[in-house]
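Structural characterization, general
Given next are the chains, with one letter for each unit.
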Amino acid sequence: DLVLSIESSCDETAMAVIDSHGEICANVVATSIDFHARFGGVVPEIASRKHVEAIVGVFEEVMAQAGRHFGCDTLTPADLSCVGVTAGPGLVGALVVGVAFAKGLCAATGLPLTAVNHLEGHLLANLFETPDLKPPFVASLVSGGNTMLVHVRDWGDYQVLGATIDDAVGEAFDKVAKALGLGYPGGPVISKLAAKGKKKAIHFPRAMMHSHDYRFSLSGLKTAVITYIEGENKAGRPINLPDLAASFEAAVIDVQVSKAIAAVDETGVSDFCVGGGVAANPQLRAEYRKKFGRRGVRVTVPPMVVCGDNGAMIAVAALRNYRAGKFADLSLDANPNAKLGCWSSNEKPVVS
Ligand code: ATP
Ligand code: MG
Ligand code: FE
């Protein structure tokens, strides 16, 4: 059985083909990031139009890549067993492009359709690193639009312990980068700068660090960084970018790590994992490994290639829905506000 997945929730048009063991046969990501960079963030209408332009080419490429995997020129829809599509959460105008394409493909071929939750995709990307990962465990989902701690009691049974009350972690990186004129996305450039800086150079607030719950707040930190930049500019002092980046990043990571430890302690689990674009942050990965390693908690982070938006992670969730017989009909619509757990199946995912 081969499953094709389609992801278009933000600025990546991505598709993958995986086999019934969860092995990746093809994984194609086309991004419209360059068209958003000068705006310092994703412009929804540009994202939608770029998906429309790219989607057929991405489909042809993923089918050809999967064909080569099996030693032929290209797969055809007859080789597939199921089509999975991200139906939310995300930008509505971006999601509908992928959903409409998936429905057209299924209507034309008779293939079954299944709806996938984008956040569950980020979570299940951890199975590419640790195939035997089993609930219960705690997961931190940190991306451009979300920041939450989740108690995964079972597959498909997600208890959100707490989430951000304002900005997401990735959004904070993006906004700080924008304030410094460093373009979009901010995460990769800030973390590269931070690697060369001193994290104690500037003290930034650790909001809600001791709030004794699992909520996060990042907008105050973003404002503190912007106020610092303005102050230095006004005083005519040059800004040490590596020190600023390292100090900002440390403030974010301190709060993330301390709440994650509290969540693992309270739930008594022995596994912790991270999902979403910010999971690619090297310092965050290192801190989790260090702090949890001491406590005997196993830490999983997804391989770098499946941290940001991609088709492979959506395919893993789609495969699980397919095995559980959880299909969508052709009236499926995008749900930009879908909660984690929406469209989830409790079938155990298979990744080998
Ligand atoms: P969501 O998954 O919540 O719908 P999204 O799909 O837009 O949002 P992702 O693609 O999962 O988000 O992640 C993109 C975010 O990850 C951006 O905000 C980006 O700055 C951030 N990011 C990427 N690499 C790093 C890094 N090395 N350090 C910190 N943040 C990073
Ligand atoms: Mg993106
Ligand atoms: Fe994402």
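Keep in mind that this is a model prediction, so the values were computed, not measured.

1. Let's talk about the overall build of the protein chain
Looking only at helices and strands, the protein chain has 10 helices and 10 strands in total. Rg of the C-alpha trace for the protein chain: 20 Å, near the compact-globule value of 20 Å for 352 residues, within the 12% margin. The principal-axis extent of the C-alpha atoms belonging to the protein chain is close to 65 × 45 × 35 Å. By the burial criterion, 51% of the 352 residues in the protein chain qualify as buried.

2. Points about the environment of Ile314
Mapping Ile314 onto the fold places it in helix H10 (residues 311–323). On the basis of neighbour counts, which here come to 33 C-beta atoms within 10 Å, the residue Ile314 falls in the buried class. For Ile314 and Pro336, which are 22 residues apart along the polypeptide, the C-alpha to C-alpha distance reads 16 Å. For Ile314, the residues in contact, after removing those within four places along its chain, are Ser5, Glu7, Gly84, Thr86, Val116 and Gly121.

3. Considerations on the sheet that holds strand E1 (residues 2–7)
The sheet built from 5 strands is open, its strands ordered E3-E2-E1-E4-E5 with mixed pairing. Edge strands, defined here as strands with exactly one partner in the open sheet, are strand E3 (24–31) and strand E5 (113–117). Sheet twist, expressed as the mean angle between neighbouring strand axes with direction ignored, is 20°. Pairing analysis gives 5 bridges linking strand E4 (residues 82–88) to E5, with the strands arranged parallel. Note that in E5 the partner of Val85 across the bridge is Ala115.

4. Remarks on the UniProt feature "binding site: substrate" (unreviewed entry) in the protein chain
The residues that UniProt annotates with the feature "binding site: substrate" (unreviewed entry) are Leu141, Val142, Ser143, Gly144, Gly145, Asp174, Gly187 and Asn281. Looking at the secondary structure, you find Ser143 in the loop between strand E6 (137–142) and strand E7 (147–154). For Ser143, the residues in contact, after removing those within four places along its chain, are His122, Ala168, Gly170, Gly276, Gly277 and Val278. As for its position among the elements, Asp174 is in helix H5 (residues 169–179).

5. Details of the site of ligand 1
Taken together, 26 residues surround ligand 1, and among them Gly144, Gly145, Gly170, Gly187 and Gly277 come closest. Mapped onto the shell around ligand 1, the elements with two or more residues apiece are helix H4 (118–124), H5 and helix H6 (186–194). Residue composition of the shell around ligand 1, by class: 7 nonpolar, 16 polar and 3 charged.

6. A closer look at the confidence of the model for the protein chain
Counting all residues, the mean pLDDT for the protein chain is 96, and 99% of those residues have values of 70 or more. At the level of chain-chain contacts, confidence expressed as ipTM amounts to 0.98, with global pTM at 0.97.

7. Concerning the UniProt feature "binding site: Fe cation" (unreviewed entry) in the protein chain
As recorded in UniProt, the feature "binding site: Fe cation" (unreviewed entry) lies at His118, His122 and Asp309. A compact arrangement is adopted by the annotated residues: their sequence extent is 192 residues, whereas the largest C-alpha distance between any two is 8.7 Å. Excluding anything up to four places from it in sequence, His118 contacts Ser9, Thr86, Gly88, Pro89 and Gly90. Looking at the element boundaries, Asp309 is found in the loop between strand E10 (298–300) and H10. Asp309 gets classed as buried once you count the C-beta atoms within 10 Å, which come to 26. Beyond its immediate sequence surroundings of up to four residues, Asp309 is in contact with Glu7, Ser9, Cys10, Glu12 and Ala14.

8. Comments concerning the pairing of strand E8 (residues 157–163)
By the bridge criterion, 6 bridges tie E7 to E8 in an arrangement that is antiparallel. Directly across from Leu149, in E8, lies its bridge partner Gly162. In this antiparallel pair of consecutive strands, E7 and E8, the connection spans 2 residues, and Gly156 shows a positive phi of 85°.

9. Section: the sheet that holds E8
Adjacent strands of a sheet form backbone hydrogen bonds with each other and so pair up, either parallel or antiparallel. As summarised here, the arrangement of the 5 strands in space is E8-E7-E6-E9-E10, forming an open sheet in which the pairing is mixed. Pairing within the sheet leaves two strands with one partner each, and these edge strands are E8 and E10. In this sheet, neighbouring strand axes are inclined to one another by 25° on average, regardless of whether the strands run parallel or antiparallel. Bridge count between E6 and E7: 6 bridges; the pairing is antiparallel. The partner of Val142 across the bridge, within E7, is Thr147.

10. Description of the environment of Asn126
As for its placement among the helices and strands, Asn126 is situated in the loop between H4 and E6. A residue is classified by how many C-beta atoms lie within 10 Å of it, and Asn126, with 28 of them, is buried. With residues near it in sequence (within four places) discarded, Asn126 still touches Leu133, Cys273, Gly275, Thr300 and Pro302.

11. Here's the deal with helix H8 (residues 241–267)
A rise of 1.5 Å per residue sets the reference length of H8, with its 27 residues, at 39 Å; its end C-alpha atoms lie 39 Å apart and thus fit the reference within 8%. Phi for Gly268, located one or two positions after H8, is positive at around 70°.

12. Some remarks on unusual backbone geometry
If a residue is not glycine, its phi is most likely negative; likewise, a peptide bond is most likely trans. Here Gly88 and Pro89 are connected by a cis peptide whose omega angle stands at -10°. Tracing the backbone through its elements, the reader meets Pro89 in the loop between E4 and helix H3 (92–109). Here the residue pair Tyr184 and Pro185 is connected by a cis peptide bond, since its omega of -5° sits within 30 degrees of zero. Note that Pro185 resides in the loop between H5 and H6. Positive phi, close to 55°, is recorded for His212, a residue that is not glycine. With respect to the helices and strands, the residue His212 is situated in the loop between H6 and helix H7 (219–234). Among the residues examined, His212 registers 8 C-beta atoms within 10 Å and is labelled exposed.

Procedures and definitions
- Throughout, a residue's number is its position along its own chain's written sequence, starting from 1.
- Written order decides the labels, with chains lettered from A and ligands numbered from 1.
- The model is predicted, so local features are restricted to residues of pLDDT at least 70 and side-chain atom pairs to those at 80 or more, both for listing and for counting; the totals for chains, interfaces and linings are taken over all residues.
- In DSSP terms, a helix is any run of H or I states spanning at least four residues, a strand is any run of E spanning at least two, and both are numbered starting from the N terminus.
- C-alpha atoms define the radius of gyration, and 2.2 Å times the number of residues to the power 0.38 defines the globule rule.
- In this scheme every C-beta is placed from the backbone, and a residue whose C-beta has 20 or more other C-beta atoms within 10 Å is buried, one with 12 or fewer is exposed, and one in between is partly exposed.
- Any two residues are considered in contact once their C-beta atoms, placed from the backbone, lie within 7 Å.
- At least two DSSP bridges between two strands are needed for those strands to be called paired.
- With axes taken as lines fitted to C-alpha atoms, and helix axes fitted only over the stretch in contact, angles between N-to-C directions fall between 0 and 180 degrees.
- UniProt positions are given in the numbering used here, feature names are shortened, and annotations may be inferred rather than shown by experiment.
- To decide nearness, the C-beta atom of each residue is placed from the backbone, and the residue is near a molecule or strand if that atom lies within 6 Å of it.
- When residues are sorted by character, Ala, Val, Leu, Ile, Met, Phe, Trp, Tyr, Cys and Pro go into the nonpolar class, Asp, Glu, Lys and Arg into the charged class, and all the rest, Gly among them, into the polar class.
- pLDDT is a per-residue confidence score from the predictor, ranging from 0 to 100.
- One less than the number of residues in a helix, times 1.5 Å, gives the span that helix is expected to have.

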